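A structural walkthrough
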Amino acid sequence: MSVGTIQDVAVDVRGLTKHFPVGGGFRRKNRRFIHAVDDVSFTLERSRIMALVGESGSGKSTIARLLARLYPATSGEVIFKGRNILQLTGPELLTYRSQVQMVFQDPFGSLNPVKSIEHHIKRPLLIHHQADSREVRERIYELLRTVGLTPPEEVARKLPHELSGGQRQRVAFARALAVNPEVILADEPISMLDVSIRMGILNMMKQLRDEHGLSCLYITHDLASARYLAEETLVLYAGQLMEAAPSGELMSEPLHPYTRLLLSAVPDPRTSLQKSRVEARGEIPTIINPAPGCRFANRCPYVMDVCRQVTPGLTEPSPGHRVRCHLYGEGDASLKKPDS
Ligand code: SF4
């Protein structure tokens, strides 16, 4: 992974870990934990889009919520403007939250059905002192134009149910932009939209990056959209980072067997499904106090004895391309059970 100067870095994530306790039990040694995110590190550069890809339960949405400070982290660091934001409290935390905004999967659920679009955008503008009462309306119209909702005067008067799903998601972006953020955490922003309008949202995100210099962490289970949108893609499985590389390289030369499995599920009209499909056996493992070894071992067609005993570490077979698999070396492999 290329790590630029501090000016180039939007967010630097180091060893981010989140374990959720399961059930009761007062003695710490008897307690059980879901290892939702285990020791994940990456650097989101300024004016770049990075995709976090994985199946349900891979930990990708938990990472977004940790970065938004909606959950406390178990350990690790998230460096933003030289500060570890996991330690921020009070006004400093509020300032951080305005600079790093989250857009959720369900645009309808994130809007109040009885309030106008104008109301939804006006609120953050006034609360975060981004406009005074004389200029607020013009600023609302400007934001609606930025996200492609025109004529803004007409859109601003509408209620959420009077807009299409794609338009509602654009309103969610406009509301996030109202506080002038530097980073957007977009959690599956197109997964609830019709296929026909997904491309419009992806192009709008590209435009926000190119014309407004925004950095974006794009959470998705859809590799095709990651390839289209993101400069770099990270593949997560069962709470661990399995592979990270520039998106083009990851799609054309995937190294990890799990990435190959995900890619084989993306329809490609040039090859028949029979030919391109990688068979996956087994099931997604439980990540409650996981045993040592590779978490993908039960599904991997290349599994070896060592895979069931030693947790593979990350290696970098080529510059900027990281992979967690014994086929490419042990990396920082460990025989120890991860601490809970
Ligand atoms: Fe497969 Fe072993 Fe690599 Fe895991 S470490 S992905 S089981 S080859």
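Note that this is a predicted model, so its numbers are computed, not measured. Numbering of residues begins from 1 in every chain and follows the order in which that chain's sequence is written. Local features in a predicted model are, by the rule used here, given only for residues with pLDDT of at least 70; side-chain atom pairs are given and counted only at 80 or more, and totals for whole chains, interfaces and linings are based on all residues. Working from all heavy atoms in the structure, the side-chain values ignore hydrogens and water.

Things to note about the overall build of the protein chain
Keep this limit in mind: Helical segments are the DSSP runs of H or I of at least four residues, strand segments are the runs of E of at least two, and each set is numbered from the N terminus. For the exposure calls, accessible area comes from a 1.4 Å probe over protein chains only, and a residue counts as buried if that area is under 20% of its type's maximum, exposed if over 50%, partly exposed in between. Residues are treated as being in contact if the distance between any of their heavy atoms lies within 4.5 Å. Accessible surface area values rest on a Shrake-Rupley calculation with a 1.4 Å probe, where residue burial reflects the displayed protein chains alone.
When helices and strands are counted, the protein chain shows 12 helices and 12 strands. In the protein chain, buried positions account for 48% of the 340 residues. Summarising the internal contacts of the protein chain: among those between residues at least 6 apart in sequence, 64% fall at separations of at least 24. Within the structure as shown, the protein chain displays about 16,500 Å² of accessible surface, and the carbon and sulfur contribution to it stands at 50%.

Quick notes on the site of the ligand
Just so we agree on the cut-off: Think of it this way: one heavy atom of a residue within 4 Å of a molecule or strand is enough to make that residue near it. Each residue gets one of three labels, nonpolar for Ala, Val, Leu, Ile, Met, Phe, Trp, Tyr, Cys and Pro, charged for Asp, Glu, Lys and Arg, and polar for the others, Gly among them.
Close to the ligand lie H256, P257, C294, F296, A297, C300, Y302, V303, C307, C325, H326 and L327, which account for all nearby residues. A per-class count over the shell around the ligand returns 10 nonpolar, two polar and no charged.

Considering helix α3 (residues 117-127)
Where α3 is concerned, the buried positions are I117, E118, H120, I121, P124 and L125. Residues of α3 that are buried make contact with α4 (136-146), α5 (152-157) and α6 (165-177). Residue H129 follows α3 closely and has a positive phi angle near 55 degrees.

A word on the side chain of H19
Filter applied, for reference: Think of a polar contact as two N or O atoms within 3.5 Å of one another; within protein, one of them needs to be a possible hydrogen donor and the other a possible acceptor, and neighboring residues in sequence only count if both atoms come from side chains.
Take H19: it is sitting in strand β1 (residues 9-22). Taking relative accessible area as the criterion, H19 reaches 8% and is therefore assigned buried. There is a polar contact of 3.2 Å between the side chain of H19 and the side chain of H35.

Let's talk about the nonpolar core
Rules: In this description, a nonpolar core means a group of buried Ala, Val, Leu, Ile, Met, Phe, Trp, Tyr and Cys residues linked to one another through side-chain atoms lying within 4.5 Å.
Grouped together as the largest cluster of nonpolar side chains are 60 residues, with contacts concentrated most on I121, L144, F173, I184, M205, Y218 and L223. The element contributing the most residues to this core is α6, with six residues. When sequence neighbours within four positions are dropped, the list of residues in contact with I184 reads Q101, V103, F173, A176, L177, L214, S215, C216 and L217. Within the second largest apolar cluster, 33 residues are counted, among which are L16, A36, I85 and A244.

Details of unusual backbone geometry
Cis geometry is found at the peptide bond from T150 to P151, where omega equals -10 degrees. Within the chain, N180 stands out as a residue other than glycine whose phi angle is a positive 60 degrees. Assignment of secondary structure puts N180 in the loop between α6 and β7 (183-187). Judged by relative accessible area, N180 falls into the exposed class, the value being 53%. The phi angle at E188 is positive, at roughly 50 degrees, despite the residue not being glycine. Inspection of the secondary structure puts E188 in the loop between β7 and α7 (195-212). With relative accessibility at 10%, the residue E188 sits in the buried group.

Quick word on the packing of α3 against α4
For any two helices packed against each other, one specifies the crossing angle of their axes together with the interaxial distance. Basically, it comes down to this: The axes are straight lines fitted to the C-alpha atoms, using for helices just the contacting stretch, and the angles between their N-to-C directions are given from 0 to 180°. The labels follow the angle: roughly parallel below 35 degrees, roughly antiparallel above 145, roughly perpendicular from 65 to 115, and oblique for the rest. Working rule for handedness: look at the near helix, and if it is turned counterclockwise from the far one by less than a right angle, call the crossing left-handed; if clockwise, right-handed.
It is the contact of α3 with α4, at a shortest axis distance of 10 Å, that shows an interaxial angle of 110 degrees. Between α3 and α4, the angle falls in the class roughly perpendicular. Considering only the axes of α3 and α4, their crossing is right-handed. For the pair α3 and α4, the contacting residues are I117, E118, I121, K122, L125 and L126 in the first and V136, R137, R139, I140, L143 and L144 in the second. Tallied by class, the residues present in the contact of α3 with α4 amount to eight nonpolar, no polar and four charged.

Comments concerning the pattern of salt bridges
The line we're drawing: Between Lys or Arg on one side and Asp or Glu on the other, a salt bridge is scored when a side-chain nitrogen of the former is within 4 Å of a carboxyl oxygen of the latter.
If you walk through the whole model with that rule in mind, you get 15 salt bridges. Note that R83 and E92 form a salt bridge whose closest N and O atoms lie 3.1 Å from each other. A residue is classified by how much of its surface remains accessible, and R83, at 41% relative accessible area, is partly exposed. Using a relative accessible area of 41% as the deciding quantity, one classes E92 as partly exposed. For the salt bridge of R134 with D132, the shortest nitrogen-to-oxygen distance reads 2.9 Å. We classify D132 as partly exposed; its relative accessible area is 29%. Each of D12, R14 and E77 takes part in salt bridges that share partners, so that together they form one network.

A word on the pairing of strand β10 (residues 240-246)
For a regular strand, the rule is simple: side chains alternate between the two faces of the sheet. Which entries qualify depends on this criterion: Each pair of strands is called paired provided DSSP finds at least two bridges between the two strands.
Of all seven residues in β10, six are buried; the element is thus mostly enclosed. Judged from the six bridges that link them, strand β9 (residues 232-237) and β10 form a sheet pairing that is antiparallel. Within the sheet, the bridge partner assigned to T233 lies in β10 and is A245. Counting the residues in the hairpin turn of β9 and β10 gives two residues, including A238, whose phi is positive at 50 degrees. The pairing of β10 with strand β12 (residues 321-324) spans two bridges and is antiparallel. Paired with A244 across the strands is R322, a residue of β12.

Side note on the sheet that holds strand β3 (residues 49-53)
The strand order across the open sheet formed by eight strands is β6-β7-β8-β3-β9-β10-β12-β11, and the pairing between neighbours is mixed. Two strands lie at the open edges of the sheet, namely β6 (100-103) and β11 (314-318), each paired on one side alone. When strand polarity is set aside, the average angle formed by the axes of neighbouring strands in this sheet is 20 degrees. Sitting on the sheet, helix α1 (residues 60-67) touches β3, β6, β7, β8 (215-220) and β9, and the angle it makes with β8 is about 150 degrees.

By themselves, these figures tell us nothing about what the structure is for.
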